[in-house]
Amino acid sequence: MRNLIFTAILLTACVVLPSCDTVNTPTLPLATHPDSASWQPLFGEGLEGAKFPTGVWSFNAEGVLSATKDKTIWTSREYDNFVLDMEFKTDEETNSGVIVYCSDRDKWIPNSVEIQIADDFAPKWAKSDKTWQCAAIFGHQAATESKVKHPGLWNRYTITCADHIITVILNGTVVNTFDMRKFTSAKTNPNGSRIPPWLSVPKAKMPTKGYIGLQGKHGKSLIYFRNLRIFELTK
């Protein structure tokens, strides 16, 4: 009888108190991937909360998101401070990316920050500039080490955007910490390297709020995403 009473009390408490089913709050700075199972999905199962060209992006029966064209899928609203957790899988020669702080979805390339996704094992990308390789802040700052897996294997990304600081964790390792305030030029990076001319807005002048996007396939190379979850940080 005591066990029955205790069980009833516990069940009642779980109904009354939201702490029985709380969202796991990440503690910053993150040193590895968080437990994001309780976070909000970036997009709904029917791609609610997304903006994209009709027929390009879709989830399959296993919950894997992919695209048939080189078109970006966007969130329908802007985010400022957040942690974005996901898994991605590359194809041979994949060139994709995660886009944050986008202020203009129609002209997103100069008006956003892109965290690169690439098949670094393909000669095309292995021989490219390090700021074009996986986990780089594209065109600006290379990852500290290469942690992306071979095509066909799942990788995990955790991207923290906290005001001007963007931190990238790839497969358990912090590989990039990017301070937008240091990138005051549209022509050269702080280390003197050249910035691609199409990135014409200095990162230091960009707002730290905007849409989140995922790039679609480039050429014949596919990109796959799953378990896309977001936690919004309070200031």
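**Section: the sheet that holds strand β12 (residues 211–214)**
The pairing of strands in a sheet comes from backbone hydrogen bonds and takes either a parallel or an antiparallel form. Reading across the sheet, the five strands line up as β2-β5-β12-β7-β8 and stay open at both edges, with antiparallel pairing between neighbours. With one partner strand each, in any of the chains shown, β2 (50–51) and β8 (113–118) form the two edges of the open sheet. Here strand β7 (residues 95–102) runs beside β12; their pairing, made up of three bridges, is antiparallel. What sits directly across from valine 98, in β12, is leucine 214.

**A closer look at the pairing of strand β13 (residues 223–232)**
Across two bridges, strand β1 (residues 40–41) lies against β13 in antiparallel orientation. The partner of glutamine 40 across the bridge, within β13, is isoleucine 230. Of the pairings in the sheet, the one linking strand β4 (residues 65–67) to β13 comprises two bridges and is antiparallel in character. Residue pairing for β13: leucine 65 is matched across the bridge by phenylalanine 225.

**As for the side chain of asparagine 81**
Mapped onto the elements, asparagine 81 comes out in the loop between β5 (73–75) and β6 (82–90). At 2.6 Å, the side chain of asparagine 81 forms a polar contact with the backbone nitrogen of aspartate 163. Not counting residues up to four positions away in its chain, the partners in contact with asparagine 81 are Cys161, Ala162, Asp163, Phe231, Glu232, Leu233 and Lys235.

**Comments concerning the pattern of salt bridges**
The final tally for this structure, using the stated rule, is four salt bridges. Between arginine 77 and glutamate 232 there is a salt bridge; the shortest N-O distance is 2.4 Å. Of the two residues, arginine 77 is situated in the loop between β5 and β6 and glutamate 232 in strand β13; the sequence distance between them amounts to 155 residues. Using a relative accessible area of 38% as the deciding quantity, one classes arginine 77 as partly exposed. With a closest N to O distance of 3.0 Å, aspartate 179 and arginine 181 form a salt bridge. Under the relative-accessibility criterion, aspartate 179 is labelled buried at 15%.

**Structural notes on the nonpolar core**
In this structure, Val98, Tyr157, Ile166, Leu214 and Phe225 are the most contacted members of the largest nonpolar core, which totals 41 residues. Excluding residues within four positions of it along the chain, leucine 214 makes contact with Phe43, Trp57, Leu65, Lys71, Thr72, Ile73, Met86, Gly97, Val98, Phe225 and Leu228. Judged by nonpolar contacts, the second largest core, of six residues, contains Trp39, Val83, Ile169 and Leu233.

**Focus on the packing of aromatic side chains**
Counted under the stated rule, the structure contains nine aromatic pairs. Cluster of aromatic residues (ring-pair linked, three or more members): Tyr79, Phe82 and Tyr101. Lying over the aromatic face of tyrosine 79, arginine 77 brings its terminal NZ or CZ to 4.1 Å of the ring centre. Here the basic side chain of arginine 226 rests over the ring of tryptophan 154, its NZ or CZ set 4.0 Å away from the ring centre.

**Some thoughts on the environment of isoleucine 117**
Along the chain, isoleucine 117 turns up in strand β8. Between the C-alpha atom of isoleucine 117 and that of threonine 94, which follows or precedes it by 23 residues, the distance is 7.5 Å. Residues within four places of isoleucine 117 in sequence aside, it is in contact with Phe88, Thr90, Thr94, Asn95, Ser96, Gly97, Val98, Cys134, Tyr157, Ile223 and Phe225.

**Focus: the environment of lysine 130**
By the element assignment, lysine 130 lies in the loop between α2 (123–126) and β9 (154–162). Lysine 130 gets classed as exposed once you look at its relative accessible area, which sits at 52%. Separated by 14 residues in the primary sequence, lysine 130 and threonine 144 place their C-alpha atoms 9.6 Å from one another. Once you skip the residues sitting within four places of it in the chain, lysine 130 turns out to touch Ala136 and Ala142.

Parameters and conventions
- Residues numbered from 1 in each chain as written.
- Predicted model: local features only at pLDDT ≥ 70, side-chain atom pairs only at ≥ 80, totals over all residues.
- Heavy atoms only, no water.
- Pairing = 2+ DSSP bridges.
- Helix = DSSP H or I, 4+ residues; strand = E, 2+ residues; numbered from the N terminus.
- Polar contact = N/O pair within 3.5 Å; in protein donor to acceptor, adjacent residues only side chain to side chain.
- Contact = heavy atoms within 4.5 Å.
- Salt bridge = Lys/Arg side-chain N within 4 Å of Asp/Glu carboxyl O.
- Buried < 20%, exposed > 50% of the residue type's maximum accessible area, 1.4 Å probe, protein only.
- Core = buried A, V, L, I, M, F, W, Y, C linked by side-chain atoms within 4.5 Å.
- Phe/Tyr/Trp six-rings, centres within 6.5 Å; stacked < 30°, edge-to-face > 60°.
- Lys NZ or Arg CZ within 6 Å of the ring centre and 35° of its normal.

So, to be careful, I would describe these as geometric facts and stop short of saying anything about function.
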